[in-house]
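# Notes for the structure review
Below are the chains, spelled out letter by letter.
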Amino acid sequence: MISTYEAEKAIASALYTFKSQLTQIEEMGSHVLREDIFADRSYPPFNRVAMDGIAIAFDQFRAGRRSFIVEGCQKAGSPQLKLQNQANCLEAMTGASLPESCDTVIPYEQIEIRQGVAYLGAAINVVQGQNIHGKGSDYSTGDRLLSKGRWLRSPEWSILASVGKASVKTSSSPRIAVVSTGDELVPVDQVPEAHQIRMSNSWAIKAALNIHDFDRVEIYHIPDDERGLESRLGDLLLKVDCLILTGGVSRGKFDFVPQVLERLQVDKIFHRIKQKPGKPMWFGTNPEGKLVFGLPGNPVSTLVCLHRYVIPALQEGLGLDSSGKQAFAILAEDVVFKKDLTYFLPVRLRWSRDGIIVAHPIQNNGSGDFAALSASDGFLELPQENEYHKKGEVFPLYLWQGGLA
Ligand SMILES: Nc1nc2c(c(=O)[nH]1)N[C@H]1C(S)=C(S)[C@@H](COP(=O)(O)OP(=O)(O)OC[C@H]3O[C@@H](n4cnc5c(N)ncnc54)[C@H](O)[C@@H]3O)O[C@H]1N2
Ligand code: MOO
Ligand SMILES: [Mg+2]
């Protein structure tokens, strides 16, 4: 058996970066950027008037002038005007190009215009250059505005639009098949017999993938029949980039998943991790590099393994730069776990008044107790090396709902 850290590294070294595609801005969604974006011109591209008011030559104010004849109006979207007489002013609107020969903007609130003359209030303070967003003061042509590996959220789409990127290189979401196995499982809309249960893991996995912006997800169910499993999984491997199986990876007589995958030329990279829950997890790749995750069937185990290994791996495959993005939280009370395994502890998060994230353990009835999880926000990873985990210690945190972009 390997450690959680070794499992994570083994997945990372088997991983390849998914294909990229061109995304049109009209089809925007949540995508990971796969090219660097540079400023196509200075930003702002001209001296931008930042308040509605009048534009003047500051030297006139310094010399004592407090009234200015209004020569005209500089609108946003009109070519730059020129102040004809330095003693005068031009009205100037927010977003307009600062008129030539002007270097200062005084807002309407501080002036009064009567019969074509702007009068300044007696006590107003005017600073040379005020209310002007200077040309190139944010960025110069060629400056890098975005680096590849970022999620495209609203600030990023705003940059892409500004620099004229009507289409941009992004990662393609992989095609994912979520496959549940087990004869005891019936569809959601059926009433189970006494010995049956409804299948819930595949829906939980699909929900988590969707929340993390993987939207090409299909759900399948395959009964516990070795031949049937082999032919259905063989077909699916031709169609998708990633298979996520739930159930059938432990030691039961009908846990056929590991042997069937190996017959389908999916090379086992590991089976079993020193962790609870989720010990029987299986991972392998086929000759084309397709990823196959065999998650243990117990519902809590499935979700913990999905969030601890599968989603981070898929995000890395998208080319996402996740450096510095691991979340951590402080344990709210002592926890003892005496098995020689890493322990994933479901927790509810609260923010302390000093801005610290505190993780409160959630009681559950083992890894079959899926309902208890809904009281949690995610889980902490308590390391295998220690049996006693103390209140106030800091541990890695995994969230059901994702973290920072
Ligand atoms: N002799 C041993 N038995 C077990 C071991 C072990 O090490 N030695 N490990 C236990 C652990 S830990 C886990 S976790 C489970 C993993 O079992 P499988 O991956 O083989 O999964 P199944 O046997 O198919 O099912 C286990 C459990 O989960 C329920 N299940 C499965 N799929 C779904 C689904 N889609 N929706 C809802 N519930 C599902 C299933 O009904 C079973 O109750 O093995 C232990 N045994
Ligand atoms: O670890 Mo199993 O994953 O305990 O239920
Ligand atoms: Mg089993």
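Residues numbered from 1 in each chain as written. Chains lettered and ligands numbered in written order. Predicted model: local features only at pLDDT ≥ 70, side-chain atom pairs only at ≥ 80, totals over all residues. Heavy atoms only, no water.

Further remarks concern the environment of Ser147. Looking at where Ser147 falls in the secondary structure, it is placed in the loop between β11 (144–146) and α3 (154–162). Using a relative accessible area of 31% as the deciding quantity, one classes Ser147 as partly exposed. Here the alpha-carbon distance between Ser147 and Asp321, two residues 174 residues apart in the chain, equals 9.3 Å. (Helix = DSSP H or I, 4+ residues; strand = E, 2+ residues; numbered from the N terminus. Buried < 20%, exposed > 50% of the residue type's maximum accessible area, 1.4 Å probe, protein only.)

In space, the six strands of this open sheet follow the order β7-β4-β6-β5-β9-β8, with mixed pairing throughout. The two strands at the open ends of the sheet, each matched to only one other strand, are β7 (104–107) and β8 (111–114). Recorded for the sheet is a direction-independent mean angle of 40° between the axes of neighbouring strands. Direction of pairing for strand β4 (residues 53–56) relative to strand β6 (residues 89–92): antiparallel, over a ladder of three bridges. From the neighbouring strand, Ile54 faces β6, where its bridge partner is Glu91. (Pairing = 2+ DSSP bridges. Axes fitted to C-alpha atoms, helices over the stretch in contact; angles between N-to-C directions.)

As a further point, take the site of ligand 1. In the neighbourhood of ligand 1, 17 residues make up the surrounding shell, with Glu184, Ser200, Ser250, Asp255 and Gly297 lying closest. Glu184 has a polar side-chain atom sitting 2.6 Å from an oxygen atom of ligand 1. Here an oxygen atom of ligand 1 sits 3.3 Å away from a polar atom, N or O, in the main chain of Asn298. Considered on its own, ligand 1 offers 860 Å² of accessible surface; in the complex 70% of this is hidden by protein. (Near = heavy atom within 4 Å. Polar contact = N/O pair within 3.5 Å; in protein donor to acceptor, adjacent residues only side chain to side chain. Areas by Shrake-Rupley, 256 points an atom, 1.4 Å probe, with all protein chains shown as cover.)

Using the residue numbers shown here, the UniProt feature "domain: MoaB/Mog" (unreviewed entry) corresponds to residues 177–316. When the span residues 177–316 is considered, its composition is 36% helix and 26% strand, and the gap between its end C-alpha atoms is 18 Å. (UniProt positions renumbered as here; feature names shortened; annotations may be inferred.)

Taken together, Lys276, Pro277, Gly278, Lys279, Asn298, Ser301 and Ser367 make up the full set of residues near ligand 2. Residue Gly278 places a main-chain N or O atom 2.5 Å away from an oxygen atom belonging to ligand 2. Between an oxygen atom of ligand 2 and a side-chain N or O atom of Asn298, the distance comes to 2.7 Å. When the residues that make up the shell around ligand 2 are grouped by side-chain class, the tally is one nonpolar, four polar and two charged. (Nonpolar A, V, L, I, M, F, W, Y, C, P; charged D, E, K, R; others polar.)

Let's shift gears to the packing of helix α4 (residues 201–211) against helix α7 (residues 299–317). At a closest axis distance of 11 Å, the pairing of α4 and α7 adopts a crossing angle of 30°. Looking at the two axes, α4 sits roughly parallel to α7. Judged by the sense of rotation from one axis to the other, the crossing of α4 with α7 is right-handed. Contact with α4, carried on its side by Asn201, Ala204, Ile205, Ala208 and Leu209, involves Pro299, Thr302, Leu303, Leu306, His307, Ile311 and Leu314 of α7 and no other residues of that element. A class-by-class count of the residues in the contact of α4 with α7 yields nine nonpolar, three polar and no charged. (Parallel < 35°, antiparallel > 145°, perpendicular 65-115°, else oblique. Left-handed = near helix turned anticlockwise from the far one by under 90°. Contact = heavy atoms within 4.5 Å.)

Backbone hydrogen bonds hold the strands of a sheet together, and the pairing may be parallel or antiparallel. The mixed open sheet is built from six strands, whose spatial order is β16-β13-β17-β21-β20-β18. Each edge of the open sheet is held by one strand with a lone partner, namely β16 (217–222) and β18 (267–271). Going across the sheet, the axis of each strand differs from the next one's by a mean of 20°, ignoring polarity. Judged from the five bridges that link them, strand β17 (residues 242–246) and strand β21 (residues 291–295) form a sheet pairing that is parallel. In the sheet register, Cys242 faces β21, and the bridge partner there is Leu291.

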